[in-house]
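Residues per chain, in single letters:
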Amino acid sequence: MKIEYPDLEVLKRGYVERSRETRRQDEQEAPSRVRQTLIDTPIIAAVNEPPAFEVALQSPPRAVYLLTGNPLSLPGMLQRAAEQGKQCLVNIDFLDGLARDRFAVEFLASHNVAGIVSTRSEILKAAQSFGLITVQRTFSLDSAAVTATRKSLTQFLPDAVEVLPAMAAPKVARKLLEDHPSLRIIGGGLIETVKEIEDLLAAGIHAVSVSDQRLWII
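Residues numbered from 1 in each chain as written. Predicted model: local features only at pLDDT ≥ 70, side-chain atom pairs only at ≥ 80, totals over all residues. Heavy atoms only, no water.

A. Expanded view of the pattern of salt bridges. Enumeration over the complete set of coordinates arrives at 7 salt bridges. Notably, a salt bridge pairs arginine 120 with aspartate 93, separated by 4.0 Å at the nearest N-O pair. Here aspartate 93 lies in the loop between strand E3 (87-91) and helix H6 (102-110) and arginine 120 lies in the loop between strand E4 (115-118) and helix H7 (121-129), a separation of 27 residues in the sequence. The salt bridge involving glutamate 162 is made with arginine 137; its shortest N-O contact spans 3.3 Å. Placement of glutamate 162 in strand E6 (residues 160-164) and of arginine 137 in strand E5 (residues 133-139) is noted, with a sequence separation of 25 residues between them. In terms of burial, glutamate 162 and arginine 137 fall into one category: buried. Here the residues in one salt-bridge network are Arg150, Glu178 and Asp179, joined through shared partners. (Salt bridge = Lys/Arg side-chain N within 4 Å of Asp/Glu carboxyl O. Helix = DSSP H or I, 4+ residues; strand = E, 2+ residues; numbered from the N terminus. Buried < 20%, exposed > 50% of the residue type's maximum accessible area, 1.4 Å probe, protein only.)

B. Seen up close, the nonpolar core. If you look at the biggest cluster of nonpolar residues, it comprises 54 residues, and the most contacted ones within it are Leu66, Leu108 and Ile116. In contact with leucine 108, other than residues within four places in its own chain, are Leu74, Leu78, Val90, Ile92, Leu95, Leu98, Val113 and Ile116. Listed in part, the 12 residues of the second largest apolar core include Tyr65, Leu89, Val117 and Ile186. (Core = buried A, V, L, I, M, F, W, Y, C linked by side-chain atoms within 4.5 Å. Contact = heavy atoms within 4.5 Å.)

C. Region of the structure containing helix H4 (residues 50-57). Taken as a whole, H4 has its buried residues at Ala52, Phe53, Ala56 and Leu57. End-on view of H4: buried residues confined to an arc of 145°, all on one side of the axis. Along its buried surface, H4 packs onto strand E1 (43-47), strand E2 (63-66) and helix H5 (74-83). (Arc of directions from axis to C-beta.)

D. Expanded view of the packing of helix H8 (residues 143-155) against helix H9 (residues 169-179). At a minimum axis distance of 10 Å, the contact between H8 and H9 shows a crossing angle of 25°. Our classification of the angle between H8 and H9 gives roughly parallel. Our pair here, H8 against H9, has a crossing hand that is right-handed. Along its contact with H8, which presents Val146, Thr149, Arg150 and Leu153, the element H9 presents Val172, Lys175, Leu176, Glu178 and Asp179. (Axes fitted to C-alpha atoms, helices over the stretch in contact; angles between N-to-C directions. Parallel < 35°, antiparallel > 145°, perpendicular 65-115°, else oblique. Left-handed = near helix turned anticlockwise from the far one by under 90°.)

By themselves, these observations are geometric and do not establish any function.
Take a look at the structure:
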């Protein structure tokens, strides 16, 4: 079924007109393996069921979050994504049939996954040892949760932090970036409109993860 995408002229214009100097500075500071995914791709297609994966392969976003899969399906999915020029970051906390340990990370790395998303720092440390992009997922429900995230970043620094819900990301980002200016910030969850994406990017969020297929537009 063909998806009707909303008007994206405002979003495109806002992204294209971001300060060239700011983007140049971002590129100098960010690790090379993160630069292509989290700067050049402001929208990450979050795939939470197999049919959505097929749509993601044909959609504009170059980065894909996989929140579904198992040891039988993942190798083929990762290969197909690579053939379509997509970079896959796998949320290991949501997969079936894999333990949340170093061996699972090694299995995914052997099949050329681009990165690992998790709430667990020990999993992300293992991913980092394999040279993968690391994204720490955090739920910013209140000030205590944000303080806990800041503390955890003193013990392990991932490449990026995904802040949920997305609308809290700009406020949380200001606190996290005070301590770690080169950290990439992703907003995720409860994004429903192009305007919300535009506002998050304008507020300095580097990327957003979106499961609504109508918003997989750039």
